[in-house]
Each structure stands twice: as structure tokens, then as C-alpha cells.
Amino acid sequence: MIEKDVLLSYEAKEIELNKNESLFSEGGKANFYYQILSGQVKMYNLTETGKEFVQGMFVAGQSFGEPPLLGNFEYPAGAMAVQYSKLYKLSKKQFLLLLKENNDIHLEFTSMLCKRLAYKAMIGREISVYPPDHRILTLLQYLRKQSNKSSFTVDLTRQQIAELTGLRVETVIRVVKKLETQKILMLENHKIIM
């Protein structure tokens, strides 16, 4: 989202995370802005029974964990690398200075946060009100819309879809097969195509 040259000019550092390495924990203090250079990071919560609920999956070019940084509160979720990842890490002080000195980036950033809020509201409604097939279909349609493509290959595993919708993997597998039978989606080499 923020150009590499801009980040580096504000003293961003490049860091590496191995697969399943934690970046920060729920309840931790937010001191840095993070933007992914390569790889994938998830933000998640663990329930009392140890079940993982994924708040979001982030890939190259995306940032995450900004609300606690801007709002001065603790992280409401943890962050962990899904695969080997490289990130830019920028101190809170430098990040705030960057936003103050770059109005166009600040506006773009605000727009991105608003879109995330809309997604959270949609997922919250889905999980609290709708059955599994509706939840999964809404998530897949949202992802396709974000891609701006008429035909979209879902780049999530069944496990990741389950974590994003609050369902069990077995339920996701069953619903995806049902949606394929109904010709709502297609499966090709185990990939979901919308």
C-alpha cells in the first residue's frame, strides 16, 4: 500500500518471519506499522477451547494491525506468518509522521480502514445470523468482488475458509461440494473457482 521508497525514507526496517512464527499477541502493545513485502500473515483469536478464528489474511502489499496503533489500545488479535514472509516494520512515531506529511497516503489509508470495517460488519452478521452455506458463499463473493475479476480462483485452503467463517473444516468441505453440485461454483484441481 505505501511505496517501498516512502517507507524506507521514514526509516522502515525489513524483517523476516518463518512459517508459524508469531509477530505479536492478543493484548500486546502496538508500537509498529507492518506491511507485507512477501508471504502471508493472519490475524487471529483463540477461543477458550483452543479453536482459532481468523480475523483476516494479509498478503504482499497489504498492511495489518493499524487500529491499535492509531487508537492507542492493545492488539485485539494476534498475528502469525502463514508462510515464510518478509515485512516492513516502521515505528509508530515515524508512521504518524509519514501520515501527517503525506495527505494522499493518509486518505488512501483511511479508505482502506473503512473497507475493512465494512468487511468486519459483514462477517459479524454472517456468523451470528446465517447458516454455513450462506457464510461461505458471502465470503467467496466478497473475495471475488475485491479481485475485480469475473472469474476468480479462491486462493484459500478449506482450513482458512473455515477459520474466516467460524466453521469446521468438515462443514466447509461439505458445503463447497454442495455449491458445486448446485453449479454455484466450480472445482478445478481442488481450487474453488467463482
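Keep in mind that this is a model prediction, so the values were computed, not measured.

Novice: Sorry, what's going on with the sheet that holds strand S3 (residues 32–38) here?
Specialist: Remark on secondary structure: sheet strands pair via backbone hydrogen bonds, oriented parallel or antiparallel. Read from one edge to the other, the open sheet built from four strands follows the order S1-S8-S3-S6, with strand pairing classed as antiparallel. Sheet topology places strand S1 (13–17) and strand S6 (63–64) at the edges, where each strand pairs with a single neighbour. Strand direction decides the pairing type here: S1 and strand S8 (residues 85–91), joined by five bridges, are antiparallel. The residue bridging glutamate 16 from the neighbouring strand is lysine 86, located in S8. Contacts between helix H3 (residues 92–101) and the sheet are confined to S3 and S8, with S8 contributing the most and set at about 80° to the helix.

Novice: Which parts of the structure should I look at to understand the pattern of salt bridges?
Specialist: Two side chains with opposite charge may pair up if their charged atoms get near one another. As enumerated under the stated definition, the model contains six salt bridges in all. Measuring nitrogen to oxygen at the nearest pair gives 2.6 Å for the salt bridge that ties glutamate 66 to arginine 116. Here arginine 116 lies in helix H4 (residues 103–129) and glutamate 66 lies in helix H2 (residues 66–71), a separation of 50 residues in the sequence. Glutamate 66 gets classed as buried once you look at its relative accessible area, which sits at 0%. We classify arginine 116 as partly exposed; its relative accessible area is 22%. Across the salt bridge formed by arginine 125 and glutamate 126, the nearest N and O atoms sit 3.7 Å from each other. Look at arginine 125 and you get partly exposed, because its relative accessible area is 41%. Given the relative accessible area of 2%, glutamate 126 is considered buried.

Novice: Can you walk me through helix H7 (residues 169–181) in this structure?
Specialist: The end-to-end C-alpha distance of H7 is 19 Å, a good match for the 18 Å that 13 residues give at a rise of 1.5 Å each. Of all the positions in H7, only Thr171, Val172, Val175, Val176 and Leu179 are classed as buried. The buried residues of H7 occupy an angular sector of 130° when the element is viewed end-on, so they sit on one face. In H7, those exposed residues whose orientation departs by more than 90 degrees from the buried face are Arg174, Lys177 and Thr181.

Novice: Is there a simple way to explain the packing of aromatic side chains in this structure?
Specialist: Under the definition given, this model contains 10 aromatic pairs. Taken together, a centroid distance of 4.8 Å and an interplanar angle of 40° make the contact between tyrosine 119 and tyrosine 142 tilted. Of the two residues, tyrosine 119 is situated in helix H4 and tyrosine 142 in helix H5 (residues 132–147); the sequence distance between them amounts to 23 residues. In this structure an aromatic cluster arises from ring pairing among Phe24, Phe32, Tyr34, Phe58, Phe64 and Tyr75. Stacked on the ring of tyrosine 44, the Lys or Arg lysine 42 has its end atom at 5.7 Å from the ring centre.

Thresholds applied
Residues numbered from 1 in each chain as written. Predicted model: local features only at pLDDT ≥ 70, side-chain atom pairs only at ≥ 80, totals over all residues. Heavy atoms only, no water. Pairing = 2+ DSSP bridges. Helix = DSSP H or I, 4+ residues; strand = E, 2+ residues; numbered from the N terminus. Contact = heavy atoms within 4.5 Å. Axes fitted to C-alpha atoms, helices over the stretch in contact; angles between N-to-C directions. Salt bridge = Lys/Arg side-chain N within 4 Å of Asp/Glu carboxyl O. Buried < 20%, exposed > 50% of the residue type's maximum accessible area, 1.4 Å probe, protein only. Expected span 1.5 Å × (residues − 1). Arc of directions from axis to C-beta. Phe/Tyr/Trp six-rings, centres within 6.5 Å; stacked < 30°, edge-to-face > 60°. Lys NZ or Arg CZ within 6 Å of the ring centre and 35° of its normal.

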